[in-house]
Amino acid sequence: MKIAFDEHIPTALVRMFAGFASERQFQKLSVGLTIRSARDYAPTKNDPDYIRKSDAPWIRRFAEDNGKVIISGDLNMMNRPLERTALVQEGMIVLFFGQPWHGWKFFKKSALLLHWWPQIAPLVETAPSPSFWRIPPSWADDATLQPIPTSDKKLTKIERQKAAQVVVARRRQAIREPSTLPLFEASSAEQKA
């Protein structure tokens, strides 16, 4: 199974993990995993699938090369419709680093990924496709990788707002509709109930 580290992961960290892939201890956890860089799949400006400032083309190229897992330092990837759609349509299992990770230095970033690797390796073999996960910025032994919804947050919010508007409109309509009973019969019918 191929794992791509996106451009928000330091290149040296990708090379380091590619080197670990041949180590016996690493292979015990990661049988058959191949470490790649997203840069290997990124189109150039002259390629027909090039889209400026979008990860969608390399995601699709990676999927065509039987890639299944992406480790990303870019949480915004989930909120960009074209990229999120590519991740979902291609059935990617994506692990995202949280916000504090961006401000850390190389060694701390590397240490965190190495710390989480014993949970990441088995997860990528069993996780549903597509699925998104957050790697907590923690070294706590009782912490776990956290699932993230793959749905479009903005679209979900719009759908909830529309549903709420329908409920409000129905209530208003019910208030506006006059009773078909004469005034005195309506009040006596209400008293009996």
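Residues numbered from 1 in each chain as written. Predicted model: local features only at pLDDT ≥ 70, side-chain atom pairs only at ≥ 80, totals over all residues. Heavy atoms only, no water.

Peer 1: Could you clarify how one ought to interpret helix H5 (residues 106–126) in this entry?
Peer 2: Quick reminder: α-helices carry 3.6 residues per turn. Residues three or four places apart thus point the same way. With 21 residues, H5 extends 29 Å from end C-alpha to end C-alpha; this agrees with the ideal 30 Å at 1.5 Å per step. Within the span of H5, buried status applies to Lys109, Ser110, Leu112, Leu113, Trp116, Trp117, Ile120, Ala121, Leu123 and Val124. (Helix = DSSP H or I, 4+ residues; strand = E, 2+ residues; numbered from the N terminus. Expected span 1.5 Å × (residues − 1). Buried < 20%, exposed > 50% of the residue type's maximum accessible area, 1.4 Å probe, protein only.)

Peer 1: How should the pairing of strand S3 (residues 67–72) be read in this particular structure?
Peer 2: Of all six residues in S3, five are buried, a share of seventy percent or more. Taken together, the four bridges between strand S1 (residues 2–5) and S3 define a ladder with parallel strand orientation. Its bridge partner lying in S3, Ile3 is registered against Val69. Across four bridges, S3 lies against strand S4 (residues 93–97) in parallel orientation. By the bridge assignment for S4, Ile70 is matched with Val94. (Pairing = 2+ DSSP bridges.)

Peer 1: Hey, could you run me through the layout of surface pockets in this one?
Peer 2: Leftover empty space is mapped by rolling, across the atoms, a probe with the size of a water molecule. One number sums up the size of the largest pocket: a volume of about 280 Å³. Taken together, 16 residues make up the lining of the largest pocket; nearest its centre are Glu7, Lys53, Ser54, Asp55 and Trp58. Across the lining of the largest pocket, the residue classes tally to seven nonpolar, two polar and seven charged. (1 Å grid on protein atoms, 1.4 Å probe; cavity = no way out; pocket = protein on both sides within 12 Å on 5 of 7 lines; lining within 4 Å. Points joined across faces, edges and corners; volume = space filled by probe spheres on them. Nonpolar A, V, L, I, M, F, W, Y, C, P; charged D, E, K, R; others polar.)

Peer 1: Teacher, can you tell me more about the nonpolar core here?
Peer 2: The nonpolar side chains of soluble globular proteins are, as a tendency, buried together. Within the largest apolar cluster, 29 residues are counted, with the highest numbers of intra-cluster contacts made by Phe5, Ile71, Leu95, Leu113, Trp117 and Ile120. Considering each element in turn, this core owes the most residues, eight residues, to H5. Leaving out residues up to four positions away in the same chain, Trp117 has contacts with Ile3, Phe5, Phe17, Phe26, Leu29, Ser30, Leu33, Ile35, Ile71 and Pro122. One finds Tyr41, Leu87, Val94 and Ile148 within the second-largest nonpolar core, a separate group that totals 19 residues. (Core = buried A, V, L, I, M, F, W, Y, C linked by side-chain atoms within 4.5 Å. Contact = heavy atoms within 4.5 Å.)

Peer 1: Explanation requested: the sheet that holds strand S2 (residues 34–37) in the structure shown.
Peer 2: For sheets, the rule is that strands pair by backbone hydrogen bonds, running either parallel or antiparallel. Here we have six strands laid out as an open sheet, ordered S2-S1-S3-S4-S5-S6, and mixed in their pairing. Only two strands of the sheet have a single neighbouring strand rather than two, namely S2 and strand S6 (146–148). Between one strand and the next, the sheet's axes are offset by a mean angle of 25 degrees, whatever the strand orientation. On the sheet, helix H1 (residues 11–20) packs against S1 and S2 and is oriented at approximately 165 degrees with respect to S2. Those strands touched by helix H3 (residues 56–64) are S1 and S3, and its axis lies near 140 degrees from that of S3. (Axes fitted to C-alpha atoms, helices over the stretch in contact; angles between N-to-C directions.)

Peer 1: Got a minute to help me understand helix H4 (residues 81–89) in this structure?
Peer 2: Every buried residue of H4 is listed here: Glu83, Arg84, Ala86 and Leu87. Buried residues along H4 cover an arc of 160 degrees about the axis, so they all sit on one side. Of the surrounding elements, those touching the buried residues of H4 are H3, S3, S4 and strand S5 (131–135). Of the residues flanking the end of H4, it is Gly91, one or two places downstream, whose phi is positive at about 70 degrees. (Arc of directions from axis to C-beta.)

Peer 1: Help me understand the pattern of salt bridges in this model?
Peer 2: Where side chains of opposite charge bring their charged atoms close, a pairing between them can arise. Summed over the entire model, instances satisfying the criterion amount to seven salt bridges. As a salt-bridge pair, Lys2 and Asp65 come within 2.9 Å of each other at their nearest N and O atoms. Linking Lys2 in strand S1 with Asp65 in the loop between H3 and S3, this pair joins segments that are 63 residues apart in sequence. Across the pair Arg80 and Asp74 runs a salt bridge whose closest N-O atoms are separated by 2.8 Å. Through salt bridges that share partners, Asp47, Asp49 and Arg61 make up one connected network. (Salt bridge = Lys/Arg side-chain N within 4 Å of Asp/Glu carboxyl O.)

Peer 1: Where do I start with unusual backbone geometry in this structure?
Peer 2: The phi angle of most residues is negative, glycine excepted, and most peptide bonds adopt the trans form. Between Ser129 and the following residue, Pro130, the backbone shows a cis peptide bond with an omega angle of 0 degrees. Mapped onto the elements of the fold, Pro130 is located in the loop between H5 and S5. Of note in this structure, Lys53 is not a glycine but carries a positive phi near 55 degrees. Along the chain, Lys53 turns up in the loop between S2 and H3. We classify Lys53 as exposed; its relative accessible area is 70%. In the Ramachandran plot, Asn66 falls in the positive-phi region, its phi being about 65 degrees despite a non-glycine side chain. Tracing the chain through its elements places Asn66 in the loop between H3 and S3.

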